[in-house]
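Per-entry structural report
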Amino acid sequence: MNGISILMYHQVGDFRRVKAHRAVFCHQRRFAAQMALLKRLRCSVLTMDQVLACVAGDLAVPPRAVAITFDDGYRNFYDTALPQLQRHGFPATVYVVAALVGRTAAWLPADGLAAAPLMDAAHLRAIRRAGIQVGSHAMNHLPLAGLAADRLATELAGSRAALEDLLGEPVRHLCYPYGSHDLAAVEAAARAGYASGVTCQRGLATRAFDPLALPRKAISLGDDLLGFWWKVGFKHRPKGVAVSRPLSLEGGVIHR
Ligand SMILES: [Zn+2]
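Predicted model only: the values in this text are computed from it and were never measured.

**Describing the coordination of the zinc ion**
The coordination sphere of the zinc ion, as far as protein atoms go, consists of Asp72 (OD), His137 (NE2) and His141 (NE2), spread over 2.1 to 2.2 Å. Sequence spacing of the donor residues for the zinc ion, all on one chain, is D-x64-H-x3-H. Of this pair, Asp72 sits in strand 5 (residues 65-72) while His137 sits in the loop between strand 7 (133-136) and helix 5 (149-167), and the two are 65 residues apart along the sequence. Judged on exposure class, the residue Asp72 and its partner His137 are both buried.

**A word on the nonpolar core**
Core analysis: the biggest nonpolar cluster contains 49 residues, and Tyr9, Ile68, Phe70, Phe77 and Leu85 have the highest contact counts within it. With five residues, helix 5 is the largest single contributor of residues to this core. Apart from residues lying up to four places away in sequence, Phe70 is in contact with Tyr9, His10, Val12, Phe31, Phe77, Ala81, Leu85, Ala92, Thr93, Val94 and Tyr95.

**Some points on helix 4 (residues 121-129)**
Along an α-helix, residues three or four positions apart point the same way, because every turn accommodates 3.6 residues. Buried residues of helix 4: His123, Leu124, Ala126 and Ile127, and no others. Buried residues along helix 4 cover an arc of 160° about the axis, so they all sit on one side. Projecting away from the buried face of helix 4 at angles above 90 degrees are the exposed residues Ala122 and Arg129. Buried residues belonging to helix 4 abut helix 3 (75-88), strand 6 (93-96), strand 7 and helix 5. The N-terminus of helix 4 is capped by Asp120, whose side-chain oxygen sits 3.1 Å from the backbone nitrogen of Ala122. Positive phi appears at Gly131, one or two residues downstream of helix 4, with a value of about 90°.

**Notes on the environment of Ala190**
Tracing the backbone through its elements, the reader meets Ala190 in helix 6 (residues 183-191). On the basis of relative accessibility, which here comes to 30%, the residue Ala190 falls in the partly exposed class.

Conventions used here
Residues numbered from 1 in each chain as written. Predicted model: local features only at pLDDT ≥ 70, side-chain atom pairs only at ≥ 80, totals over all residues. Heavy atoms only, no water. Donors = N, O, S within 2.8 Å, 3.2 Å for Na, K, Ca; no water. Helix = DSSP H or I, 4+ residues; strand = E, 2+ residues; numbered from the N terminus. Buried < 20%, exposed > 50% of the residue type's maximum accessible area, 1.4 Å probe, protein only. Core = buried A, V, L, I, M, F, W, Y, C linked by side-chain atoms within 4.5 Å. Contact = heavy atoms within 4.5 Å. Arc of directions from axis to C-beta. Polar contact = N/O pair within 3.5 Å; in protein donor to acceptor, adjacent residues only side chain to side chain.

Pasting the structure below:
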């Protein structure tokens, strides 16, 4: 089964000296080389709308299919990653923490990291005009697994409504903070109206996955170009068990 390699980035910048949590940083020179490699090897870089169509079986998976995602909505996406994406004409999706637009990533100091600035409303409108898709990274960057139903609704439906209000367009794509999700969170995401959801489970996204629990590949500070291409590689199989809503058959059509 053909799959899509959904790449996961967080911060892109001049981060050579980072010692801990290296999976959430990418050096800007490496990022530029990675994007150039995707171009040189003629990868098909998809939007999350196209990923969704592939996973639903409405669109054939093109050869060397990749999607590029950025978690948290850092200001350095705007300053550093966006120009490289634009240089190659690549689409990407940025997952924004709805209650922290224009503020800082307040959860990072607990992990011993600097509270990096996040994009504000003007940045988000500007990246939309540049063709970047904006998705939700929930309301407050909380782990969603095990959360009570009312908190789940605030985090998922609330963040979607806030971002739609800010952008004036539908927000259909979700990224679970810390990748934390369980069946209740996935079902709450469906009720909140999301069409896709990405996790931190490592693997290729295929039709075997629930579209609201798609795996990704984390690109880390330590990945040189060979390591990057090995991770992008289209043969990885997922590790662990993916969360999936039960299938039901209604009128001869399979529904989640
Ligand atoms: Zn995050």
